[in-house]
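A closer look at the structure
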Amino acid sequence: MMKQPLVGILMGSDNDYEIMKETAVALRQFGIPFEMTVSSAHRTPERTAKFVREAKARGIKLLIAGAGAAAHLAGVVAAETTLPVIAVPIDATSLNGLDALLA
């Protein structure tokens, strides 16, 4: 039987998986159950908002959002929940992630 996820990992696109998979590795090492999904604040905003709004009811205690470029994902996630949100800026442009960090 799989344990109920406590952490929700979101990434803005499939391209972010190589970075965000390390989050999954760390959570597995500590035995923390999680769920992971791709959901864009720009391309699928309604899907993203629904995923986040329903997270607490699913037992999620923390959300981790990884995105590059303007990195709006973490801000959108935080606007839809009272759960803690950790933003992971991803190097996805010629600015080497600085744009994501400052966003």
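Quick look at the structure, then. (Residues numbered from 1 in each chain as written. Predicted model: local features only at pLDDT ≥ 70, side-chain atom pairs only at ≥ 80, totals over all residues. Heavy atoms only, no water.)

1. A look at the sheet that holds strand β3 (residues 62-68)
Spatial ordering of the open sheet is given by β2-β1-β3-β4, a layout of four strands whose pairing is parallel. For this open sheet the edge positions go to β2 (34-38) and β4 (85-90), each flanked by a neighbour on one side alone. Strand-to-strand twist of the sheet, defined as the mean angle between neighbouring strand axes without regard to direction, takes the value 15°. Bridge analysis of strand β1 (residues 7-11) against β3 gives five bridges, and the strand direction is parallel. Within β3, the position partnered with Val7 by the bridge is Leu62. Its contacts with the sheet put helix α2 (residues 45-53) on β1, β2 and β3, and the angle it makes with β2 is roughly 170°. Each of β1, β3 and β4 touches helix α3 (residues 72-79); the most contacted strand, β3, lies at about 150° to it. (Pairing = 2+ DSSP bridges. Helix = DSSP H or I, 4+ residues; strand = E, 2+ residues; numbered from the N terminus. Axes fitted to C-alpha atoms, helices over the stretch in contact; angles between N-to-C directions. Contact = heavy atoms within 4.5 Å.)

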